[in-house]
2 protein chains.
Amino acid sequence: MRASSRRARRSDRAAPAAPAYVTRAIPYFAYLHEEGLARLEDQADWLIQDVGLEFREDPEALRIWREAGADVSGTRVRLPRGMARDLCRTAPKSFVQHARNPARSVRIGEDSVVFAPVYGPPFVRDREGGRRYGAIADLEKLVKLTYSLPSLHHSGLMTCEPCDLPVNKRHMDALYAHMRWSDKPMLGAITAKERAEDCVAMARILFGDAFMAENCVIMGNVNTNSPLLVDKVVTEAIRTYSAAGQGMIVAPFILGGAMGPVTTAASIAQALAEAMMCCAFSQLVRPGAPFILGNFLSSMSLRSGAPTFGMPEPVSSNYIIGQLARRLGVPLRCGGSLTASKVADAQAAAESADSMHSTVMGGANFILHAAGWLEGGLVTGFEKLVIDADRLGAYQKLLGGIEIDDNALGRSAYEDVEPAGHFLGSAHTMANYQTAYYDAALSNSDSFEQWQDAGSKDTERRAHERWNRLLQDYEAPPIDAAADEELQAFMAQRKAAMPDAWY
Amino acid sequence: MRASSRRARRSDRAAPAAPAYVTRAIPYFAYLHEEGLARLEDQADWLIQDVGLEFREDPEALRIWREAGADVSGTRVRLPRGMARDLCRTAPKSFVQHARNPARSVRIGEDSVVFAPVYGPPFVRDREGGRRYGAIADLEKLVKLTYSLPSLHHSGLMTCEPCDLPVNKRHMDALYAHMRWSDKPMLGAITAKERAEDCVAMARILFGDAFMAENCVIMGNVNTNSPLLVDKVVTEAIRTYSAAGQGMIVAPFILGGAMGPVTTAASIAQALAEAMMCCAFSQLVRPGAPFILGNFLSSMSLRSGAPTFGMPEPVSSNYIIGQLARRLGVPLRCGGSLTASKVADAQAAAESADSMHSTVMGGANFILHAAGWLEGGLVTGFEKLVIDADRLGAYQKLLGGIEIDDNALGRSAYEDVEPAGHFLGSAHTMANYQTAYYDAALSNSDSFEQWQDAGSKDTERRAHERWNRLLQDYEAPPIDAAADEELQAFMAQRKAAMPDAWY
């Protein structure tokens, strides 16, 4: 009964104007030839069969593997060739993650594409406040901005780390911010089993037991410990989220030359092996549980060994992992608007664009870090967030392809306009101009004189004005008062049950 | 004899370390489905057959069309369906444009890709000097920078307009700057027939009659007057360059809603019709003359009607025109590092990257405006030039694909490195790290603290330092003294023969 009233809470909302996610209408791109893909898959199989993966700190994970027939020796798990791939077959090719506002529910997988903001930076930066540790007040602003930006379909979770709150409690405040100040879908915490459980419990309050038993309403996102190590943070997150029928994203983060071989091919194969093993594990925990194959490759500076982003090797890997994920038949998370730049300048934009262009064209389905990422993921940029979001709208259009019908071919226009004439006032132009081109919010196309008269503002300055205006105009989506109260009571009780921890 | 001594001048140079052009090693991308491509081709055929193109101000062009069997009515030229496409068949699928340094000669067409700088801006901008009219001193600097940047394979021509020189004479000073301060291949002028002829004559001095009779050493680049108008600037350029066996690039520049219908499909088809007709015309002038099919589409701001760049509609057109050019079998010029931004900021970089990523992945062979373009093509940015060039090196690597061989798969690395270990010191890393990743010159991957200690320099500031350092380090390539003298004598004689014209 309680569950059904919660289910009702979800449904009585007006549909937003913007689409809740993107549907790709263009073909996929075969960057790497068939033989190359087969060699990468063979290498992943070899890693799983011959080298094996370490599953540490979680005896229950080893028990699950042993019971499934894996070769478990100490903490090393090896699978006969083909077994991991076979286990992955029960993972859905696509699934719906429900939002508390049903009009904002997203489909993830196959031809669907979902953009989510940056995840995890301990620092934030904005043009006035400079670079500083993230706080819960920053996170709340970032949640509100993400809610206000139609090209961000998903709210994420740690859009910045709220470093002013205890590490063992902040996951609840963060999740609550998403639940309260947005009605888009969200992620839950993974850093410890009880924190993952808290998030599942809060989702249960918001969505109701019955609805949640049948549907995905929250997802955990976690990295493996490359190379070839899966620690308890990963397996416990899977044993929490997947067991509850909720979504799991496992993304090997490989800095080539450190957490994987320095060659791109080897890093791609290793990431595939690690993610495929985690997908297989999730399907042992609960066959049919939604799983997103993750991939996060970074190159390094030859001069300093520092990670670099938006470079051609990771960019090419976005295209290739897209091909591999489609062959496996599992939704893909990779890429994002990535950069090593400290500020939202030309470097940041160029690296982000090449990274993101390849990510979307390569066929990723869930794109975390799609907006706001700076400084190798250490910093969330307020200006960067809205700059990136503006480009996401362009990618959304690019994925839609172009119309080729009688109106788009516009033969009638040539009856109105002779050669050497112009189309400005033609009936065809009048009928089509409002939808003909993407309307970028931040790109300035004024004449130099107009731009100068308006204060010679560069993109960062215009972005600063834009996010402040968005916050001014922000209106919180309504929330059921009883659910809100119940969430707050849950948090108060959980927080009271443990002392603050700061590391 | 003079010709053979000139030929010899070309050959006694050491080969540069960087490749003279890019060879694409990855497959092509089918953005638009077969049926859509066929409809666009049908529309282009319909425009040529039913609407026709205007060929104005050049009776000789009409005579050539009439003689070829075209339907010429007044200045309107219509061709039976299929005739334009048939005429294009004698244009080479690819050809070599020779540089005076043979190691810098470039192949254009099929799997070859050549990057050239911006062409035509009347203004220049740099971080210290601000925005101002271009002068010959700026052009010389830009030629030297282009020569110094290995990812620019071609020198172009009007990297900025030398506005301090008479309009009827500046083409010679510009061309001489390229001939003297670079040894990369270059373009010639097209603004008037006698100026095109001057450029062909100067190329003849540098390369020799005999060599030039057999080889392409210079190319003209010209826009049609869309919609569907080809004026004498175009036909006379073709009658000069193509007649001499030299290269021609004809690029319709269509601002959708003004020079073509506002819908992207119609603009693509119109551009194809215009460029295909010019290719056909070039083959009537001289069958087998090298021709590059051009395409330049711009979207517009819905708010102001101003042209916009890097937006998803022109970005998608880069992919589609690539498909159409391959079906026609003619080398393609399109795209570039385009932006409406006034400065080298995040907008400039994002628009340039999406425009350029699609241009290179779409299969363009000759990419003018690949570096330096600002403000819709009104301004050449010194900082923008080196920022773009740095990204061109990344695209070059992206087009090369990734290695999939035993070394790249690196199984030996897993013998050295156990799961949970790290690859930093492994033999495989040591053997591969120097070539594993693109070494970007301008991307900063320092830690925040290092970056701050070094002065918190954004990309534009680092770019300013870089181009000034490149100019300091510049060394002119040697030139045969006799050829140099002859070039100068030719220019002096031609300039003395006419009064200065300033408009």
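Note that the coordinates shown come from a computational prediction; the quantities given were computed from them, not determined experimentally.

What counts, and at which threshold
Residues numbered from 1 in each chain as written. Chains lettered and ligands numbered in written order. Predicted model: local features only at pLDDT ≥ 70, side-chain atom pairs only at ≥ 80, totals over all residues. Heavy atoms only, no water. Helix = DSSP H or I, 4+ residues; strand = E, 2+ residues; numbered from the N terminus. Rg over C-alpha atoms; globule rule 2.2 N^0.38 Å. Buried < 20%, exposed > 50% of the residue type's maximum accessible area, 1.4 Å probe, protein only. Contact = heavy atoms within 4.5 Å. Areas by Shrake-Rupley, 256 points an atom, 1.4 Å probe, with all protein chains shown as cover. Lys, Arg positive; Asp, Glu negative; His and termini not counted. Charge placed at Lys NZ, Arg CZ, Asp CG, Glu CD. Buried area = accessible area lost by both parts, 1.4 Å probe. Salt bridge = Lys/Arg side-chain N within 4 Å of Asp/Glu carboxyl O. Polar contact = N/O pair within 3.5 Å; in protein donor to acceptor, adjacent residues only side chain to side chain. Pairing = 2+ DSSP bridges. Expected span 1.5 Å × (residues − 1). Least-squares fit on C-alpha atoms with pLDDT ≥ 70 in both. 1 Å grid on protein atoms, 1.4 Å probe; cavity = no way out; pocket = protein on both sides within 12 Å on 5 of 7 lines; lining within 4 Å. Points joined across faces, edges and corners; volume = space filled by probe spheres on them. Nonpolar A, V, L, I, M, F, W, Y, C, P; charged D, E, K, R; others polar. Axes fitted to C-alpha atoms, helices over the stretch in contact; angles between N-to-C directions. Left-handed = near helix turned anticlockwise from the far one by under 90°. Core = buried A, V, L, I, M, F, W, Y, C linked by side-chain atoms within 4.5 Å. Parallel < 35°, antiparallel > 145°, perpendicular 65-115°, else oblique.

Participant: I would appreciate a short explanation of the overall build of chain A in the present structure.
Facilitator: On a plain count of helices and strands, chain A comes out with 19 helices and 20 strands. Scaling as 2.2 N^0.38, a compact globule of 503 residues should have a C-alpha radius of gyration of about 23 Å, and chain A matches this with 23 Å. Counting all 503 residues of chain A, 66% fall into the buried class. Of the contacts formed within chain A by residues at least 6 apart in sequence, a portion of 77% connects residues at least 24 apart. Total accessible area on chain A stands at roughly 16,500 Å², and carbon and sulfur atoms take up 50% of it. A gap of 4 Å separates the mean positions of the 52 positive and 60 negative side-chain charges of chain A.

Participant: I'm lost on the interface of chain A and chain B in this one. Help?
Facilitator: Accessible area lost on assembly of the parts is the figure often given for the size of an interface. Between chain A and chain B, the contact holds 120 residues from the first and 121 residues from the second. Of the roughly 9,700 Å² buried between chain A and chain B on both sides combined, carbon and sulfur atoms contribute 63%. When the buried surface of chain A facing chain B is broken down by residue, A:Leu302, A:Tyr414 and A:Tyr437 rank first, second and third, together holding 9% of it. Counting every contact that joins chain A to chain B gives 12 salt bridges. In this structure, B:Asp406 engages A:Arg39 in a salt bridge whose closest nitrogen and oxygen atoms are separated by 2.7 Å. Taken together, the connections running from chain A to chain B amount to 58 residue pairs in polar contact (both at pLDDT 80 or more). Looking at which element gives the most residues to the side of chain A that touches chain B, the answer is helix H12 (residues 346-362) of chain A, with 10 residues.

Participant: Just to check I follow, could you spell out the pairing of strand S15 (residues 291-300) of chain A for this structure?
Facilitator: Looking down a regular strand, the side chains alternate between one sheet face and the other. Residue and element names in this part refer to chain A. In terms of burial, S15 is a largely internal element, 10 of the 10 residues being buried. Across the two faces of S15 the burial is the same, with Phe291, Leu293, Asn295, Leu297 and Ser299 and Ile292, Gly294, Phe296, Ser298 and Met300 all buried. When strand S13 (residues 247-250) meets S15, the two strands line up parallel, connected through 3 bridges. Bridged to Ile249 within S15 is Ile292. With 3 bridges joining them, strand S14 (residues 253-255) and S15 adopt parallel strand pairing. Looking at S15, one finds that Phe253 is bridged to Phe296.

Participant: Just checking my understanding: could you explain helix H11 (residues 312-328) of chain A for this structure?
Facilitator: Spacing of three or four residues puts side chains on the same side of an α-helix, whose turn is 3.6 residues. All names here are of chain A. The first and last C-alpha atoms of H11 sit 24 Å apart over 17 residues, in line with the 24 Å expected at 1.5 Å per residue. With 15 of its 17 residues buried, H11 lies for the most part within the structure. Looking one or two residues beyond H11, the residue adopting positive phi is Gly329, at roughly 80°.

Participant: Where do I start with the relation of the copies chain A and chain B in this structure?
Facilitator: Between the two copies of this chain, the relationship is a rotation about some axis together with a displacement along it. Relative to chain B, chain A is turned by 180° and slid 0.0 Å along the rotation axis, the superposed coordinates differing by an RMSD of 0.0 Å. The superposition of one copy onto the other is thereby described by a two-fold rotation axis. Taking C-alpha positions as the reference, the residue of chain A nearest the rotation axis is A:Ala346, at 2.2 Å. Taken as a fraction of all interface residues of chain A, those also at the interface in chain B reach 100%, which identifies the copy contact as same-surface.

Participant: Would you take a moment to explain the layout of surface pockets for this structure?
Facilitator: Here the idea is plain: a probe the size of a water molecule rolls over the atoms and shows the empty space left. Here the largest pocket is characterised by a volume of approximately 810 Å³. Those elements giving two or more residues to the lining of the largest pocket turn out to be helix H10 (264-285) and H11 of chain A together with helix H13 (382-399), helix H14 (406-409) and helix H16 (427-436) of chain B. Here the residues of the lining of the largest pocket are counted per class, giving 17 nonpolar, 12 polar and 7 charged. Roughly 670 Å³ of volume is contained in the second largest pocket. Secondary-structure elements contributing two or more residues to the lining of the second largest pocket are helix H6 (170-181) and strand S11 (218-222) of chain A. For the lining of the second largest pocket, the residue count by class is 16 nonpolar, 11 polar and 5 charged.

Participant: Is there a simple way to explain the packing of helix H5 (residues 136-148) of chain A against H6(A) in this structure?
Facilitator: The angle between the axes and the distance between the axes are what describe a pair of packed helices. Residues and elements named next belong to chain A. Where H5 meets H6, the axes come as close as 9 Å, and the angle between the chain directions of the two elements is 35°. For the crossing formed where H5 meets H6, the hand is right-handed. Of the residues in H6, those touching H5 at Ile136, Leu139, Glu140, Val143, Lys144 and Tyr147 are Asp173, Ala174, Ala177, His178 and Trp181. Taken together, the residues of the contact of H5 with H6 break down into 7 nonpolar, 1 polar and 3 charged.

Participant: Would you mind going over the pattern of salt bridges with me for this structure?
Facilitator: Oppositely charged side chains are able to pair whenever their charged atoms sit close together. Residues and elements named next belong to chain A. Tallied over the entire structure, the rule returns 60 salt bridges over all chains. As a salt-bridge pair, Asp42 and Arg81 come within 2.7 Å of each other at their nearest N and O atoms. Taken together, the positions of Asp42 in helix H2 (residues 34-51) and Arg81 in the loop between strand S4 (76-78) and helix H4 (83-88) put the pair 39 residues apart, joining distant regions of the chain. When its relative accessible area of 30% is taken as the criterion, Asp42 is described as partly exposed.

Participant: Is there a simple way to think about unusual backbone geometry in this case?
Facilitator: Excluding glycine, a negative phi dihedral is what most residues carry, and trans is how most peptide bonds are arranged. All names here are of chain A. In this chain, Ser226 is followed by Pro227 through a cis amide linkage whose omega measures 5°. Residue position: Pro227 is located in the loop between S11 and strand S12 (229-230). You will see that Glu57, though not glycine, has its phi angle at about 70°, which is positive. Looking at the element boundaries, Glu57 is found in the loop between strand S2 (53-55) and helix H3 (59-68). Positive phi outside glycine occurs at Ala420, with the angle close to 75°.

Participant: Where do I start with the sheet that holds strand S20 (residues 379-381) of chain A in this structure?
Facilitator: Paired through their backbone hydrogen bonds, the strands of a sheet run either parallel or antiparallel. All names here are of chain A. On the basis of which strands lie adjacent, the open sheet formed by 4 strands has the order S9-S8-S20-S19 and mixed pairing. Bordering the open sheet on either side are strand S9 (130-133) and strand S19 (373-374), each of which pairs with just one other strand. With 3 bridges connecting them, strand S8 (residues 123-126) and S20 associate as parallel partners. Within S20, the residue paired with Val124 across the bridge is Thr380.

Participant: Even after reading the chapter, I still don't get the nonpolar core, so can you show me in this structure?
Facilitator: The nonpolar side chains of a soluble globular protein tend to be buried with one another. One finds A:Trp65, A:Phe115, B:Trp65 and B:Phe115 to be the most contacted residues of the largest nonpolar core, which totals 302 residues. In contact with B:Phe115, other than residues within four places in its own chain, are B:Val22, B:Ser151, B:Leu152, B:His153, B:His154, B:Met356, B:Val360, B:Ile367, B:Ala370, B:Leu392, B:Tyr395 and B:Gln396.

Participant: Looking at this structure, how should I read the packing of H5(A) against helix H18 (residues 459-473) of chain A?
Facilitator: Residue and element names in this part refer to chain A. For the pair H5 and H18, interaxial distance at closest approach is 9 Å and the crossing angle is 90°. By the angle between their axes, H5 is roughly perpendicular relative to H18. Contact residues: H5 offers Lys141, Lys144, Leu145 and Ser148, while H18 offers Trp467, Leu470 and Leu471. Of the residues assigned to the contact of H5 with H18, the class counts are 4 nonpolar, 1 polar and 2 charged.

Participant: When you look at the environment of A:Asn432 in this model, what are you seeing that I'm missing?
Facilitator: Note that A:Asn432 resides in helix H16 (residues 427-436). The exposure class assigned to A:Asn432 is buried, which follows from its relative accessible area of 8%. The spacing of A:Asn432 and A:Arg107 is 325 residues in sequence and 30 Å in space, taken between C-alpha atoms. Beyond its immediate stretch of four places on either side in the chain, A:Asn432 contacts A:Asn407, B:Val262 and B:Thr263. For A:Asn432, the side chain forms a polar contact with the side chain of A:Asn407, separated by 2.6 Å.

Everything listed here is a matter of geometry and, on its own, says nothing about what the molecule does.
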